[in-house]
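# A structural walkthrough
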Amino acid sequence: MKASKNPIMPRVEMPNQPPAERVRNFDEVALGYTLEMAKEEAARCLQCKKPKCVKGCPVEVPIPQFIAELAKGDVEKAYQVIKTTNSLPAVCGRVCPQEVQCEGSCILQAKGQPVAIGRLERFVADEFMYRDACGLITGKPECPYIDPEKKVACIGSGPASLTAAGYLAARGCKVTVFEALHELGGVLVYGIPEFRLPKEKIVAKEIGALRELEVEFVRNRVGGKTFSIQDLFDQGYKAVFIGVGAGLPRFLNIPGENLNGVFSANEYLTRVNLGRAYSFPDFDTPIIRGKRVTVYGGGNVAMDAARTAMRLGAESVHIVYRRTQAEMPARHEEIEHAIEEGVQVAELCGPLEFRADECGNLGSVLLQKMELGEPDESGRCRPVVVEGATEELPTDLAIIAVGTRSNPVLLENEPRLELNRWGYVQVDEETGETSIPDVYAGGDIVTGAATVILAMGAGRKAAKNIAAKLGCVVDD
Ligand code: FAD
Ligand code: SF4
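Moving on, we get to the overall build of the chain. When its secondary structure is counted, the chain shows 19 helices and 15 strands. Taken against the 2.2 N^0.38 rule, which gives 23 Å for 476 residues, the C-alpha radius of gyration of the chain at 23 Å falls within 12% of a compact globule. Seen along its three principal axes, the alpha-carbon backbone of the chain occupies a region of about 65 × 60 × 50 Å. Of the contacts formed within the chain by residues at least 6 apart in sequence, a portion of 69% connects residues at least 24 apart. Per element, the accessible surface of the chain, about 20,700 Å² overall, is 51% carbon and sulfur.

So, about the domain arrangement of the chain. Per the domain assignment, the segments making up the chain are domain 1 (28-131), domain 2 (144-247 + 406-469) and domain 3 (249-404). Domain 1 and domain 2 are separated by 26 Å when their C-alpha centres are compared. Of the residues lining the interface, 21 residues belong to domain 1; the matching set on domain 2 comes to 22 residues. Of the roughly 2,000 Å² buried between domain 1 and domain 2, counting both surfaces, carbon and sulfur atoms make up 70%. Scanning the region where domain 1 abuts domain 2 turns up one salt bridge. On inspection of domain 1 and its partner domain 2, the count reaches three residue pairs in polar contact (both at pLDDT 80 or more).

Turning our attention to the packing of aromatic side chains. Counted according to the given criterion, the structure contains seven aromatic pairs. An angle of 55° between the planes, with centres 6.0 Å apart, marks the rings of F26 and F195 as tilted. Here the residue F26 occupies a position in the loop between α1 (19-22) and α2 (35-42), and F195 occupies one in the loop between α11 (187-190) and α12 (199-211), the gap between them amounting to 169 residues. For the pair shown, F26 and F195 are each scored as buried. When the centroid spacing of 6.1 Å and the interplanar angle of 80° are considered together, the rings of F178 and Y237 count as edge-to-face. Of this pair, F178 sits in strand β2 (residues 173-178) while Y237 is found in the loop between α13 (229-234) and β4 (239-242), placing the two residues 59 residues apart along the sequence.

Right, let's get into unusual backbone geometry. Here the bond from F280 into P281 is cis, since omega is 10°, no more than 30 degrees from zero. Of note, P281 is situated in the loop between α14 (265-273) and β7 (292-296). One non-glycine residue, E214, adopts positive backbone phi at about 65°. The exposure class of E214 is partly exposed, given its relative accessible area of 45%. The residue N253 is not glycine, and still its phi comes out positive at about 55°. Within the secondary structure, N253 sits in the loop between β5 (248-249) and β6 (262-264). Among the residues examined, N253 registers a relative accessible area of 68% and is labelled exposed.

A word on the sheet that holds β2. With parallel pairing, the five strands of this open sheet are ordered in space as β3-β2-β1-β4-β15. At either margin of the open sheet sits one strand with a lone partner, and together these are β3 (216-218) and β15 (439-441). Each strand axis lies, on average, 25° off the axis of its neighbour in the sheet, ignoring direction. Running over the sheet, helix α10 (residues 159-170) touches β1 (147-155), β2, β3 and β4 and is turned about 165° from β2.

Further remarks concern the nonpolar core. Ranked by internal contacts, the top residues of the largest apolar core, which has 79 residues, are I63, F66, I67, L70, L120, V124 and V175. Broken down by element, this core gets its largest block of residues, eight residues, from helix α19 (residues 452-469). Domain assignment of the residues forming this core places at least three in each of domain 1 (28-131) and domain 2 (144-247 + 406-469). Non-local contacts of L70, meaning those with residues more than four positions away in its chain, are made with A38, K39, A42, V75, A78, L120, F123 and V124. If you look at the next biggest cluster of nonpolar residues, it comprises 32 residues, including V295, A330, A338 and V343.

Let us look at the packing of α2 against helix α4 (residues 63-72). Remark: α2 packs on α4, axes separated minimally by 8 Å, with the N-to-C direction vectors making an angle of 125°. Comparing their axes, α4 and α2 come out oblique. Classified by chirality, the crossing of α4 by α2 is left-handed. Contacts from A38, K39 and A42 in α2 reach I67, L70 and A71 in α4. Its residues placed into classes, the contact of α2 with α4 shows five nonpolar, no polar and one charged.

Rules and cut-offs
Residues numbered from 1 in each chain as written. Chains lettered and ligands numbered in written order. Predicted model: local features only at pLDDT ≥ 70, side-chain atom pairs only at ≥ 80, totals over all residues. Heavy atoms only, no water. Helix = DSSP H or I, 4+ residues; strand = E, 2+ residues; numbered from the N terminus. Rg over C-alpha atoms; globule rule 2.2 N^0.38 Å. Contact = heavy atoms within 4.5 Å. Areas by Shrake-Rupley, 256 points an atom, 1.4 Å probe, with all protein chains shown as cover. Domains from an automatic or database assignment. Buried area = accessible area lost by both parts, 1.4 Å probe. Salt bridge = Lys/Arg side-chain N within 4 Å of Asp/Glu carboxyl O. Polar contact = N/O pair within 3.5 Å; in protein donor to acceptor, adjacent residues only side chain to side chain. Phe/Tyr/Trp six-rings, centres within 6.5 Å; stacked < 30°, edge-to-face > 60°. Buried < 20%, exposed > 50% of the residue type's maximum accessible area, 1.4 Å probe, protein only. Pairing = 2+ DSSP bridges. Axes fitted to C-alpha atoms, helices over the stretch in contact; angles between N-to-C directions. Core = buried A, V, L, I, M, F, W, Y, C linked by side-chain atoms within 4.5 Å. Parallel < 35°, antiparallel > 145°, perpendicular 65-115°, else oblique. Left-handed = near helix turned anticlockwise from the far one by under 90°. Nonpolar A, V, L, I, M, F, W, Y, C, P; charged D, E, K, R; others polar.

Below is the structure:
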């Protein structure tokens, strides 16, 4: 098919499960394009000579090239092009905030409808999910020779480490990934719910592709407890990548926060996702199925917790947010989906106190009314207290999603590791190397809670430098 130059063609919509149906199940909400839809959307791309979309992608996927192949109907070639820089395209196509990255930079954004790059990436990746030949994994015709002497360890198995592992293995390094939990994938498996990112169908398959490149995965190993960084060098590893994320929840620090019925979003989502609490009685992980649920925060984590509570049978779910819906940092699509599913937003409210019911469990929350003031340093209007204006809202399950901090387990065990003033690992911005020679770090443990694609970009940057140091061919 010849690429159309007509920029006013509307974007091809992606079908979703209807809200009334999906709120009763944990199946994926977005259903994906068909080949015909994908080709039609691909034909909207202008094939810019200086494509702004690529600059907007932290792992620099050659976007126009893969879209050109797709527009011609050559899905296999399109997949190979994506795989030259992205080891997790089926994940990225689902959860990346494309509206502020590649699509936010697309030239057609000015007309209001950028090319649906994320949906196209997802379509191409899904088509190849069940193929595992090395050529399809690396974008090269044959599997690389894995040199057992070029041993690299990655600590943590989230997107930062998985990307580093994929890059290094494709260039002949022998990579071992050490993960503290019993399942691999980091936030992709314990945080982001099944209805946004299927675990078996997508995450496990993309990790499986890394196994093709002889990446070894060792679970239930806690860096800083069951082994130290020095142990790894003593075992012959030539370099170490730290990708342990920022999984320590922050709390509100208000009275009543230790009542039965108050959860951190991390614990709530981990019980539901990793512990499969939604699948009772097949899994008997305990969870509170709140009737009147309140969620505190306005990011992706808050949306995921709220939508999960709806699926677990809540009669009402309120997202309590100090600003208005317009200032929420969550992806627009997630906010829209949550509202379609019946989640309500209690705007301009901040929690003052959790109160107990007659049995001593969580019964209500006292909310402080706010109004918007002048913009703060983030550019968003500051929430300002409206003196004397409070409201009590009944709630039997409160989920706190106001951010996370670095988990100290590994960091405390390694005093040579320099941290910044917020407690995250300090790295050389050019290389990703830490204060310990040959030890690199990237992802949330360096930046604080951020995004999948930024973690992947950091994993790739560090891996490039490790590969160069180990004498591998670094061709891009
Ligand atoms: P993580 O994904 O946190 O992985 C770190 C891994 O290291 C974990 O598996 C952990 O168990 C392991 N680990 C920790 N300590 C040790 C140790 N001492 N030894 C061994 N292993 C260890 N981003 C988006 O782009 N889009 C979204 O839609 C989105 N939604 C999100 C929803 C939720 C609920 C959450 C919590 C986050 C979301 N994010 C989203 C953010 C994104 O998931 C993270 O930015 C990203 O996963 C960070 O990747 P990472 O590899 O740095 O760390
Ligand atoms: Fe295509 Fe948009 Fe990239 Fe131009 S900026 S090449 S139109 S996706």
